[in-house]
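Working through the structure, step by step
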Amino acid sequence: MRPFTVGAATTLALVALALLHAYWAFGGLWPAQSEPALVNTVVGITHAQTMPPRLITLAVAAALFTAGGLAFARGILGWQAVILVRLPLAGLAILFAIRGVMAYLPGPLANATEPFAQLNLYVYSPGILLLAVAFAYLATSRR
C-alpha cells in the first residue's frame, strides 16, 4: 500500500472524528437522543450522566485534528522530517495501540456502560488499532 493512500484515509478519518468531537463539545447528541444516552454510547463511564466539559472535548478534537495533520504531512505531502513528523507518528502509533488494546484487558474500560462496552469491543477499539497500524506504517515507510 502506498503512503499517499494510507495518509489520505487516515487524515479523512481523523478529521471526521475531530469534527464529531467538536460537534459534541457544542451540545450535539448524535448518535443518541439525550445526553445520558450519549454518555453511555461514546464515553462509557458508569457514574457520569453528562458529557465531559467542553474544553476537554475540544482538546480531544484538536488532538485528533493535529494527528490528522501529521498523517497528511507524511502521507500526502511526503515530509521526511524525523523529529517533526516521523517520531510524532511513532508516538501516536504507540498511544493508539495502547488505547486500542485496553478494550481487551482488565482495567478502566472493563466496567463500561452499555452500549459503549460492546461498541468499544467491536467498533471503537478495532478502529483505533487500525489507526495505530496506519501511524506505524506512515512513521516507518519509505517514500
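Further up the page is the structure itself.
Reading guide: rules and limits
Residues numbered from 1 in each chain as written. Predicted model: local features only at pLDDT ≥ 70, side-chain atom pairs only at ≥ 80, totals over all residues. Heavy atoms only, no water. Helix = DSSP H or I, 4+ residues; strand = E, 2+ residues; numbered from the N terminus. Buried < 20%, exposed > 50% of the residue type's maximum accessible area, 1.4 Å probe, protein only. Contact = heavy atoms within 4.5 Å. Areas by Shrake-Rupley, 256 points an atom, 1.4 Å probe, with all protein chains shown as cover. Phe/Tyr/Trp six-rings, centres within 6.5 Å; stacked < 30°, edge-to-face > 60°. Axes fitted to C-alpha atoms, helices over the stretch in contact; angles between N-to-C directions. Parallel < 35°, antiparallel > 145°, perpendicular 65-115°, else oblique. Left-handed = near helix turned anticlockwise from the far one by under 90°. Nonpolar A, V, L, I, M, F, W, Y, C, P; charged D, E, K, R; others polar. Core = buried A, V, L, I, M, F, W, Y, C linked by side-chain atoms within 4.5 Å.

So, on to the overall build of the protein chain. For the protein chain, the count of helices and strands is 5 helices and 0 strands. Reading the secondary structure of the protein chain in the N-to-C direction produces α-α-α-α-α. In terms of its C-alpha atoms, the protein chain occupies a principal-axis envelope of roughly 45 × 30 × 25 Å. The burial tally for the protein chain puts 36% of its 143 residues in the buried class. Within the protein chain, contacts between residues at least 6 apart in sequence are counted, and of these 65% link residues at least 24 apart. Surface summary for the protein chain: the accessible area is close to 8200 Å², and the carbon and sulfur share equals 74%.

Turning to unusual backbone geometry, a few remarks are in order. For the bond from Trp30 to Pro31, the omega torsion is 15°, close enough to zero to count as cis. Along the polypeptide, Pro31 turns up in the loop between helix 1 (3–25) and helix 2 (35–43). Note that the residue after Glu114, namely Pro115, is joined by a cis bond; omega there is 5°. If you trace the backbone, Pro115 turns up in the loop between helix 4 (82–102) and helix 5 (116–140).

Counted by the stated rule, this structure contains 2 aromatic pairs. Where Phe96 meets Phe135, the ring centres are 5.0 Å apart and the plane angle is 80°; that geometry is what we call edge-to-face. You can see Phe96 sitting in helix 4 and its partner Phe135 sitting in helix 5, a full 39 residues away along the chain. For the pair Phe96 and Phe135, one class covers both residues: buried. Judged by centre distance (5.6 Å) and plane angle (45°), the ring pair of Phe116 and Tyr124 falls under tilted. According to the relative accessible area criterion, Phe116 is buried, its value standing at 4%.

This part is about the packing of helix 1 against helix 5. Between helix 1 and helix 5, whose axes approach to 10 Å, the crossing angle comes to 135°. Relative to helix 5, helix 1 is oriented oblique. For the pair helix 1 and helix 5, the crossing hand works out as left-handed. Each of Pro3, Val6, Gly7, Thr10, Ala13, Leu14 and Leu17 in helix 1 lies in contact with helix 5, whose residues at this interface are Leu131, Ala134, Phe135, Tyr137 and Leu138. For the contact of helix 1 with helix 5, the class distribution of residues is 10 nonpolar, 2 polar and no charged.

Right, let's get into the nonpolar core. Looking at soluble globular proteins, one finds that nonpolar side chains tend to be buried together. With 20 residues, the main nonpolar core has Leu14, Leu89, Leu92, Phe96 and Phe135 as its most contacted residues. Sorting the residues of this core by element identifies helix 1, helix 3 (54–76), helix 4 and helix 5 as the ones contributing at least two each. In terms of nonpolar packing, the next biggest core, distinct from the first, is built from 7 residues, Trp24, Val42, Ala48 and Met51 among them.

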